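# Observations on the three-dimensional arrangement
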Amino acid sequence: MISDGKPNEKIVWSFCNVNCGSRCPLRLHVKDGKVVRVETDHTGDAEFGAHEIRACLRGRGLRKWVYSPERLLYPLIRTGKRGEGKFERISWYEALDRISDKLGQVINIHGNEAVFRIYGTGNLGGVVSGREQIDRLMNLLGGQLNHYNSYSTAQITHGMHYTYGTHDCGNPLTDMVNSRLVVFFGNNPAETRMSGGGSIRDLVVSRQKSGVCIIVIDPRYTDTAAAFADEWIPIRPGTDAALVSGLAYILITENLVDQDFLDRYCVGYDRRTMPAGIPPGNSYKDYIMGSGPDGTPKTPAWAAAITGVPAERIVRLAREIGTAKPAYIAQGWGPQRHANGEQTARAICMLPILTGNVGIAGGNCGGREAPDGIPFPRIPVGQNPVTASIPCFLWTKAIADHENFTDMSDGLKGKRRLETPIKFLWSFASNTLVNQHSDIGRTHRILADEGLCEMIVLIDNVMTASARYADIVLPGTSCFEESDLAYQGYAVEMGVLILREQAIEPLGECRTLYDICADIARRMGVAQAFTEGRTHDQWVEYMYQQCRKVRRDLPKDFEEAVRTGLFKWKRGERPKAGLQAFREDPDTSQLDTPSGRIEIFSRRLWDLARSWKLPEGDVISALPEYHDTWGMPADPCSREYPLQLVGHHGKQRTHSSYGNNPWLREAVPQSLWINPLDAAARGIIHGDMVHVHNPLGRTEVRAKVTPRIMPGVLSLSQGAWYVPYANGVDKNGCINTLTSQRPSPLAKGNPQHTNLVEVGKVRG
Ligand SMILES: Nc1nc2c(c(=O)[nH]1)N[C@H]1C(S)=C(S)[C@@H](COP(=O)(O)OP(=O)(O)OC[C@H]3O[C@@H](n4cnc5c(=O)[nH]c(N)nc54)[C@H](O)[C@@H]3O)O[C@H]1N2
Ligand SMILES: Nc1nc2c(c(=O)[nH]1)N[C@H]1C(S)=C(S)[C@@H](COP(=O)(O)OP(=O)(O)OC[C@H]3O[C@@H](n4cnc5c(=O)[nH]c(N)nc54)[C@H](O)[C@@H]3O)O[C@H]1N2
Ligand SMILES: [Mo]
């Protein structure tokens, strides 16, 4: 606590804990028990240059959220239908009794596999206040159904594992200073990494230092393109693999590929390195040159027709990529959050592979920029005795159709088939129950049937769309109301530790997740094992002392550490290239792929493609090929719904978090990005109220008519709060009224950027 000497006034450290990938320190000014001002890091010093981890507008606007009219203050029990929003206040005793009784009953009747904590990232930062407490509790009670994947990176993680044996092999963004060319596929750090600790700073500094040419390939002229790029190349969503194939055609025919690299480090480029037993004609070169099974040469003209990128530009770009050594080629996670996302992610990786830019300074593997930080410990959660694990996106299927939920059709791990449906759902700091999951209409129908999932317990700070579907809603403390500690986040290049002091008393009857779980543990006979005799605050101190084992330079005295609040560690002097050891010696530092090499051709995928049960139209292929998929212009649906819709991550919110802050809504009003050509064809002018619809649903929102989005494509920033009126029609621009629950073929990930829609003016 830092006092300015005024009575009843103090300034304490806190941090913003939502999931933007970064973690920003906050300085809360407290007066008479209320936070009256939110400042941020002010500790820039010579060692770090002027680097202060300055929170963005969202974190600075936190008071508008903590003190919002939507704030949950008391435990509630549902009295109306799920989704209707009718609740009654109950006591904590009654709420926790009901939860414990039902949890015990579900475990007794259906087993622990019937309990599930839904994906949720609203408090990704807090070490003690985070979702791990539920996992810790459940593991003591016999476990719960596991999940793998994330809504962020399912497709790219799977794709890159087949190629490189890892997805974590990028060069840091600061390594751009060693590059001669930077190419970003759907990477928008200016918005998705905009926080003070995020890589936007690295982009600014590295660009200033090196003046390197940056090309951005994205259907939208993003803030990154506007602020940093020398050129924007618009591309039709879902078609990057076609563009890469067209580029590969020129790289091959003009001898711009690094043949030595391909021979020594890779499998499957041409017949020289094909795995034994695969029929001839199945190498990557065959695919590109047209000597493969499809017989189509992937010429720039072929790629132009699919991607919308002119053939001449494809030729020029191939020459630029083939001659600028080294080149930093990276993708954000937008290109992979698609129906064919695994293929796209693997295909983009082909550019640095073909040109030998992997594992060297100034190069990159084609994935996202690498983070860096200090590996501080997380809370121990124990072992989950349940082995079954579902892809996190398929939880609705695990509620509604468990009998058909299998390893070969749905990516179930640890079991051949789900034995029980999900009957009890935990939802903590998550709006994924409704708002952030695809196809809200379908989710509504599944949750509305109370015979399926029998109890939903939700803990949040505000009354969200998801909360309206819960049976019991518990008011959680916010980042003003509980102590904690946090580390640097997963998307930055420096080490950070922030200590949070409780700034104010909990509003209403809000409680920490820890106290909630401890009370349930008590009711269920595992209190001592859960708490280990510590309170929430004592756990914070305990975890701090664990951090000191990693960084000995942290003060021994906890009180002193709390007063200091923020600790930063200097970045590494020299950026290290991802896969550098492999590049230096591929025999001693083999990759974690079956061959130990980069697998352009994956034998495992070749086999999977022949064993997995896939719905009509889904493709898994051994090579990073382009495949048209559902939800794209070749889909018959496109006759009626001709426009492709993506939902970018915008700067006004972190997903749905902060979606009710009036300041942010004014700064960046929710709107549908539409090209003037598409708008004119429909008689739409800027600012018109429009409806966006497809067979799954309908939402209404104002049109932003702008050449910053290519013709034929729309974007509706994801995360707007779902505000339904008649028949589930949303009037707030919530994109998940329109997205599909059909998963991607390999990762079974969320294809939330693959959508076909039509737009029209709202009459009257
Ligand atoms: N301000 C803010 N920051 C955030 C978040 C937030 O909600 N708000 N969310 C955080 C989280 S959890 C995540 S996972 C990340 C998300 O980070 P990303 O997944 O990278 O973000 P997106 O906006 O979905 O996609 C990035 C860009 O890809 C483009 N794009 C979409 N489809 C395609 C395609 O087929 N090809 C190409 N070339 N481009 C395409 C989009 O137009 C967008 O500009 O951001 C994190 N940071
Ligand atoms: N169409 C479409 N849908 C998407 C995406 C997309 O690109 N397109 N992106 C997906 C991605 S990448 C992600 S990561 C998910 C994110 O989806 P979620 O993980 O559900 O994230 P949020 O929408 O931010 O919801 C977080 C909730 O946590 C609450 N919260 C915040 N802080 C605290 C706290 O300290 N305590 C408690 N108790 N609650 C808190 C907030 O009020 C909010 O309701 O969305 C996915 N959904
Ligand atoms: Mo995410």
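Residues numbered from 1 in each chain as written. Chains lettered and ligands numbered in written order. Predicted model: local features only at pLDDT ≥ 70, side-chain atom pairs only at ≥ 80, totals over all residues. Heavy atoms only, no water.

A few words now on the overall build of the protein. Helices and strands together make up the secondary structure of the protein, namely 25 helices and 26 strands. Its C-alpha atoms give the protein a radius of gyration of 26 Å, within 12% of the compact-globule value 27 Å for 764 residues. C-alpha extents for the protein along the principal axes are approximately 75 × 60 × 55 Å. For the protein, buried positions account for 64% of its 764 residues. Sequence-distant contacts in the protein: of pairs separated by 6 or more residues, those separated by 24 or more amount to 74%. Summing over all exposed atoms, the protein offers an accessible surface of approximately 27,500 Å²; the carbon and sulfur share of this is 50%. Computing the positive centroid from 88 side-chain charges and the negative centroid from 84, the protein places the two 2 Å apart. (Helix = DSSP H or I, 4+ residues; strand = E, 2+ residues; numbered from the N terminus. Rg over C-alpha atoms; globule rule 2.2 N^0.38 Å. Buried < 20%, exposed > 50% of the residue type's maximum accessible area, 1.4 Å probe, protein only. Contact = heavy atoms within 4.5 Å. Areas by Shrake-Rupley, 256 points an atom, 1.4 Å probe, with all protein chains shown as cover. Lys, Arg positive; Asp, Glu negative; His and termini not counted. Charge placed at Lys NZ, Arg CZ, Asp CG, Glu CD.)

If you walk through the whole model with that rule in mind, you get 17 aromatic pairs. Measuring from centroid to centroid gives 4.7 Å for Phe261 and Tyr265, while their planes differ by 25°, and the two rings are stacked. Of this pair, Phe261 and Tyr265 both sit in helix 10 (residues 259-265), four residues apart, roughly one helical turn. Owing to a relative accessible area of 6%, Tyr265 belongs among the buried residues under this scheme. (Phe/Tyr/Trp six-rings, centres within 6.5 Å; stacked < 30°, edge-to-face > 60°.)

Of all residues adjacent to ligand 1, which total 36 residues, the nearest are Asp218, Gly238, Asp240, His649 and His753. Gln718 places a polar side-chain atom, nitrogen or oxygen, 3.5 Å from an oxygen atom of ligand 1. For ligand 1, the protein covers 99% of the area, taking 910 Å² as the surface of the free molecule. Counted by class, the shell around ligand 1 contains ten nonpolar, 16 polar and ten charged residues. (Near = heavy atom within 4 Å. Polar contact = N/O pair within 3.5 Å; in protein donor to acceptor, adjacent residues only side chain to side chain. Nonpolar A, V, L, I, M, F, W, Y, C, P; charged D, E, K, R; others polar.)

The next subject is the side chain of Ser22. In this fold, Ser22 is placed in the loop between strand 1 (9-15) and strand 2 (25-31). Sequence-distant contacts of Ser22, that is, excluding residues within four places in its chain, are made with Ser195, Gly197, Gly198, Gln488 and Val492.

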